[in-house]
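So the chains spell out like this:
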Amino acid sequence: MAEADELNSLLATQRAAFLRDGLLSVERRRSDLEKLRKAIVANRDELAAAIDTDFGQRSRQETSALELAPLVEGIRYLHHHVARFMRPQRRRVALHFLPGSARVLYQPLGVIGIISPWNYPVGLALMPLATALAAGNRAMLKPSEITPETAAVTAQILGEIFPEDQVAVVTGGKDVGSAFAALPFDRLLFTGSPNVGRSIMRAASEGLVPVTLELGGKSPTIVEAGSPLGRAARRIAYGKLGNAGQTCIAPDYALVAEPEVAAFVSAYKEEVAKLYPDIAVNPDYAAIINDHHHARLRGLLEDARAKGARIIELGEQTQGRRSTHSRTLLPTLVLDVTDEMSVMNEEIFGPILPIVPYRTLEQAVAFVNARPRPLALYFFGSDGPGLRFVLERTTSGGVTINDTLLHFAQDDLPFGGIGMSGMGAYHGPEGFRTMSHAKAVFRQASLNGTDLVRPPFGRLFERVASYFLR
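Residues numbered from 1 in each chain as written. Predicted model: local features only at pLDDT ≥ 70, side-chain atom pairs only at ≥ 80, totals over all residues. Heavy atoms only, no water.

Draft legend 1. Just the overall build of the chain, in detail. Along the backbone of the chain there are 15 helices and 16 strands. In terms of overall dimensions, the chain has a C-alpha envelope of 90 × 55 × 35 Å along the principal axes. A separation threshold of at least 6 residues defines the contact pool for the chain, and within that pool the share at least 24 residues apart is 75%. For the chain, the accessible surface area stands at approximately 21100 Å², while carbon and sulfur atoms represent 54% of it. If you average the places of the 51 positive and of the 50 negative side-chain charges in the chain, the two averages end up 9 Å apart. (Helix = DSSP H or I, 4+ residues; strand = E, 2+ residues; numbered from the N terminus. Contact = heavy atoms within 4.5 Å. Areas by Shrake-Rupley, 256 points an atom, 1.4 Å probe, with all protein chains shown as cover. Lys, Arg positive; Asp, Glu negative; His and termini not counted. Charge placed at Lys NZ, Arg CZ, Asp CG, Glu CD.)

Draft legend 2. Geometry of the sheet that holds strand β2 (residues 101–108). With respect to topology, three strands assemble into an open sheet ordered β1-β2-β16, the strand pairing being antiparallel. Each edge of the open sheet carries a strand with a single partner, namely β1 (89–91) and β16 (436–443). Strand after strand, the sheet turns through a mean of 30 degrees between neighbouring axes, direction not considered. Judged from the eight bridges that link them, β2 and β16 form a sheet pairing that is antiparallel. Within β16, the position partnered with R103 by the bridge is V441. (Pairing = 2+ DSSP bridges. Axes fitted to C-alpha atoms, helices over the stretch in contact; angles between N-to-C directions.)

Draft legend 3. Focus on the pairing of strand β8 (residues 220–223). What you see with β8 is no split at all: P220 and I222 on one side and T221 and V223 on the other are buried throughout. One ladder, built from four bridges, connects β8 with strand β9 (residues 253–257); its direction is parallel. Within the sheet, the bridge partner assigned to T221 lies in β9 and is A254. Tracing the backbone out of β8, into helix α9 (residues 229–241) and back to the parallel element β9 gives a crossover that is right-handed. (Buried < 20%, exposed > 50% of the residue type's maximum accessible area, 1.4 Å probe, protein only. Right-handed = clockwise from strand over helix to strand, strands pointing away.)

Draft legend 4. Representation of the sheet that holds strand β15 (residues 422–423). If you walk across this open sheet you meet the six strands as β5-β4-β3-β6-β7-β15, and the pairing is mixed. Lying at the two open borders of the sheet, with one neighbouring strand each, are β5 (167–169) and β15. Sheet topology places strand β3 (residues 111–115) next to strand β4 (residues 138–142); five bridges connect them, and they run parallel. Following the sheet pairing, G113 is matched in β4 by M140. Packing of helix α1 (residues 4–21) onto the sheet brings it into contact with β3, β4 and β5, and relative to β4 it is tilted by some 155 degrees.

Draft legend 5. Main features of the packing of aromatic side chains. A full pass over the atoms with the stated rule returns 13 aromatic pairs. For the ring pair F55 and W118, a centre distance of 6.3 Å and an interplane angle of 55 degrees mean the geometry is tilted. One end of the pair, F55, is in helix α3 (residues 44–55); the other, W118, is in the loop between β3 and α5 (123–134), and 63 residues separate them in sequence. Their ring planes at 45 degrees and their centres at 4.5 Å tell us that F457 and F461 sit as a pair that is tilted. Seen from the ring of F367, R371 lies directly overhead, with NZ or CZ sitting 3.5 Å from the centre. Its guanidinium or amino end placed over the ring of Y467, R470 lies 4.2 Å from that ring's centre, counting from NZ or CZ. (Phe/Tyr/Trp six-rings, centres within 6.5 Å; stacked < 30°, edge-to-face > 60°. Lys NZ or Arg CZ within 6 Å of the ring centre and 35° of its normal.)

Draft legend 6. Inspection of the pattern of salt bridges at higher detail. Under the defined criterion, the tally for this structure stands at 19 salt bridges. K35 serves as the salt-bridge partner of D32, at 3.7 Å between the closest nitrogen and oxygen. With D32 and K35 both in helix α2 (residues 26–42), this residue pair falls three residues apart, about one helical turn. Judged by relative accessible area, D32 falls into the buried class, the value being 2%. Exposure remark for K35: the relative accessible area of 32% places this residue in the partly exposed category. Among the salt bridges present, the one from R58 reaches E67, with a minimum N-O distance of 2.4 Å. (Salt bridge = Lys/Arg side-chain N within 4 Å of Asp/Glu carboxyl O.)

Draft legend 7. Just the nonpolar core, in detail. Judged by nonpolar contacts, the single largest core of 115 residues is most densely connected at L36, I40, L126, L255, F264 and Y268. For this core, the leading source of residues is helix α4 (residues 60–86), giving ten residues. Sequence-distant contacts of L255, defined by excluding residues within four places in its chain, comprise T221, I222, V223, V356, Y358, A364, F367 and V368. Of all hydrophobic cores here, the second largest spans 21 residues; its members include L7, L11, V111 and M140. (Core = buried A, V, L, I, M, F, W, Y, C linked by side-chain atoms within 4.5 Å.)

Draft legend 8. Region of interest: unusual backbone geometry. Geometrically, the link from L98 to P99 is a cis peptide bond, its omega value of 10 degrees lying close to zero. Mapping P99 onto the fold places it in the loop between β1 and β2. Note that the residue after P455, namely P456, is joined by a cis bond; omega there is 0 degrees. Position of P456 among the secondary structure elements: in the loop between β16 and α15 (459–468). The phi dihedral of L208 is positive, around 50 degrees, even though this residue is not glycine. As for its placement among the helices and strands, L208 is situated in the loop between α8 (194–205) and β7 (211–214). Overall, L208 belongs to the exposed group, its relative accessible area being 76%. A positive phi angle, close to 60 degrees, is found at D336, a residue other than glycine.

Structure below.
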């Protein structure tokens, strides 16, 4: 467990190394990214096994599909584009300042602090790290204490390929996390819940440290009337049940046209059975991370049932068998929900899908807009006025149309929230710029007209001033 003085010493060491080495070349940055990518690929089995141990059950295939493959592709993207991102940008110079020139230089910030979550403990730790390295920074990483095996393997892998004055992993519990968040980094990136995000922001504010907060919230799915329900149900189920719903951009609830609710419920049941046969004992279906979160999810269902909701648990009677894992939570639909139920106020972060009927698309959009702005929004329907209405009248971190989750996997798109779902973004060019300082540079020419507006003021000044103030 790191003490506060040890953390400060580590930060000082990284900052000294940053000042010593200066601006890193594109070749050095590409080399660092390639080392990281090769290390992930070489250790993919160890990483998947560590995640499986931490969760109690998460399949190697799911870890590969949802975490490792997007991470490796993201690093490849940075490797390919980093030279373009580093290139200075020429900017316009007003006529009266010619022949001067203006440009923006993207300069590394220095030392980036990264606090990563437990739900995707490799991808959501190492993608921000890769972005920080692409921008030429040093980085200190604090993984979640909820996934200790994965944190240990990650620390070992990074320790073998990077010196501690470039990349350091800090492990420990909440006390270490609090001390880490209070360090005077050049930027702090946190991924986690809105409640913890508030405390992170308070801690960072003492040192005026800029923060990027990747939070969560209740990401809605709108199913337009007349949309093919089988396709919508299949893709919503995949987004909802991958990692047992423990995904910050998982569909949180579904808005379905009132006459189609029963048909959607039937379609969802069928698609869940296709995705996860014998789900109670299916090794592809992940366990809930720990007893606390399992109890929290059961509490959401009990609260909803007590307040009049209909609870439909899927897969319970599969071949008459119960789950072989104590923390398996079967996919569950919640109908007849009301705003008084906790399941409609808290981020679910599990395989529970409330269904909210709507009469008109305007009513569905109003329902979304009456709540905090979500990290993601999903729309199933035609490419017509309904889609345009939803895109124009709602604000969310990102949108996937006719599927779920996939905007996150588009390497050239920014990923981030807005309002209660976060601030700032990473991925794509925006990620590089988040980890960089855009330094404005103006070069004055030897011969220029600015002397015309300097003292002593006279008739010529009045003519020039009257021209610009016309």
